[in-house]
Amino acid sequence: MKYSCDMIKDILSLYCDNVCSEDSRAAVEEHLKECEACRGELNTLRDTKYTDSLEQEKKNVINTYKRNVKKKFLLVLSVIFMIPVITCFIVNIAVGHRLDWFFIVLTSLAVLGSMVLVPLAVEKKRFLCILTSFTASLLLLLLTCCVYSGGTWFPVAAVSVLFGLSVVFLPFAVRQIPIKGRLADHKGVLVMLIDTALLALLLLLCVVGDYRGAFSIMGYCMILPWGLLLVIRYFKVNAFFKAGICSVLTGVFLSMADVVTDIIINGGLVHTAGFWNADLYVWDGDVNSNVMLIILLTGIVLGAVFIGCGIALENRNKEKGRKL
């Protein structure tokens, strides 16, 4: 053999990692053709089971270290949180001889803890746990303040908070909830049903007197979000068609909003003129009608453009299908 085994073994690991020079590579390959022992050494180097085991063990050690550090940090933060709790408990007993505003401090710290301690304590479905704990602690804080002040406003405040949080965060939370059955494919509808129910409950608590008018206006206002949801989620057409339908629906809805509201409240058009009375050459009188007409035309024009793009896309796809 032209090269000794000791010399080849010195560069065999470089050859295995593809980091040696071309001359060294040629020398190793020439030697491997004649040496069975070096070929076995190369197979051993290429066997990744041992290195994979070391890599997994390394990851486990790092993860264990991170968990231990997180636990210690969580313990330190918990002790820090307990300092104002104990202090306020002692002061409230010493000054008032009973516990009252202490519970406000306690629930306030619970709200803070839901955003600081819960993310450290939870690893799976963290967003859902944070949202749930934050909502519960915030409602408890509102209830405590209501009881302490002797008010009756907690139901309105609670429903308002739930409605606001559900509109923003419920779509993300529902994605992490394991829902089985028919609702699994209709999570968007489930979110809209919850939002609609909370809005109806809020109106029921806030409106005094004309419930019929309030719920009629709410019903009209819900046409647009429900319509957009159904079109986007369930219409079996391409995205351009959906965008076109949504544009037309939005234009018609916004252009008729004032008219419908005026009819519901006053039983007819009293203070509002419709887009049919618009005169784009005159802007010193009924400006509202001109604006409503522009909104309507914009929605229709955009819808026509998007639908035209959708038709063109469908035709192009059909043409490609014929060629295939």
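Residues numbered from 1 in each chain as written. Predicted model: local features only at pLDDT ≥ 70, side-chain atom pairs only at ≥ 80, totals over all residues. Heavy atoms only, no water.

A. Structural context of the side chain of Thr 196. Its location among the elements puts Thr 196 in helix H8 (residues 187-206). Judged by relative accessible area, Thr 196 falls into the buried class, the value being 17%. Setting aside residues up to four positions removed in sequence, Thr 196 forms contacts with Met 218, Met 222 and Trp 226. (Helix = DSSP H or I, 4+ residues; strand = E, 2+ residues; numbered from the N terminus. Buried < 20%, exposed > 50% of the residue type's maximum accessible area, 1.4 Å probe, protein only. Contact = heavy atoms within 4.5 Å.)

B. Representation of the packing of helix H10 (residues 223-234) against helix H11 (residues 239-266) in the model. Two elements in contact, H10 and H11, have axes separated by 10 Å at closest approach and are oriented at 170°. Relative to H11, H10 is oriented roughly antiparallel. Touching Ile 223, Leu 224, Gly 227, Leu 228, Val 231 and Ile 232 of H10 are Lys 242, Ile 245, Cys 246, Leu 249, Thr 250 and Phe 253, all from H11. For the contact of H10 with H11, a count of residues per class yields 9 nonpolar, 2 polar and 1 charged. (Axes fitted to C-alpha atoms, helices over the stretch in contact; angles between N-to-C directions. Parallel < 35°, antiparallel > 145°, perpendicular 65-115°, else oblique. Nonpolar A, V, L, I, M, F, W, Y, C, P; charged D, E, K, R; others polar.)

C. Molecular detail of the layout of surface pockets. Put simply, the largest pocket is a space of about 200 Å³. Forming the walls of the largest pocket are 13 residues, and the residues nearest its centre are Leu 131, Thr 135, Leu 162, Ser 166 and Leu 170. Listing elements by their share of the lining of the largest pocket, those giving two or more residues are helix H6 (126-149), helix H7 (154-176) and H8. Tallied by class, the residues present in the lining of the largest pocket amount to 10 nonpolar, 3 polar and no charged. (1 Å grid on protein atoms, 1.4 Å probe; cavity = no way out; pocket = protein on both sides within 12 Å on 5 of 7 lines; lining within 4 Å. Points joined across faces, edges and corners; volume = space filled by probe spheres on them.)

D. Inspection of H11 at higher detail. Taking 1.5 Å as the rise per residue, H11 with 28 residues should run 40 Å; its terminal C-alpha atoms sit 40 Å apart, in good agreement. For H11, the principal kink sits at Ala 257 and spans about 45°. Those residues of H11 not exposed but buried are Phe 241, Lys 242, Gly 244, Cys 246, Ser 247, Gly 251, Phe 253, Ser 255, Ala 257, Val 259, Val 260 and Asp 262. If you check the start of H11, you find a side-chain oxygen 3.1 Å away from the backbone N of Phe 240, and it comes from Asn 238. In the stretch just after H11, Gly 267 is the one whose phi turns positive, near 80°. (Expected span 1.5 Å × (residues − 1). Bend = angle between axes of the 7 residues up to and from the residue. Polar contact = N/O pair within 3.5 Å; in protein donor to acceptor, adjacent residues only side chain to side chain.)

E. Broad picture of the packing of H8 against helix H9 (residues 211-221). One way to put it is that H8 packs onto H9 with a least axis distance of 10 Å and a crossing angle of 155°. The angle between H8 and H9 falls in the class roughly antiparallel. Of the two elements, H8 crosses H9, and the hand of that crossing is right-handed. Contacts from Thr 196, Leu 199, Ala 200, Leu 203 and Leu 204 in H8 reach Tyr 211, Ala 214, Phe 215 and Met 218 in H9. The residue inventory of the contact of H8 with H9, partitioned by class, reads 8 nonpolar, 1 polar and no charged. (Left-handed = near helix turned anticlockwise from the far one by under 90°.)

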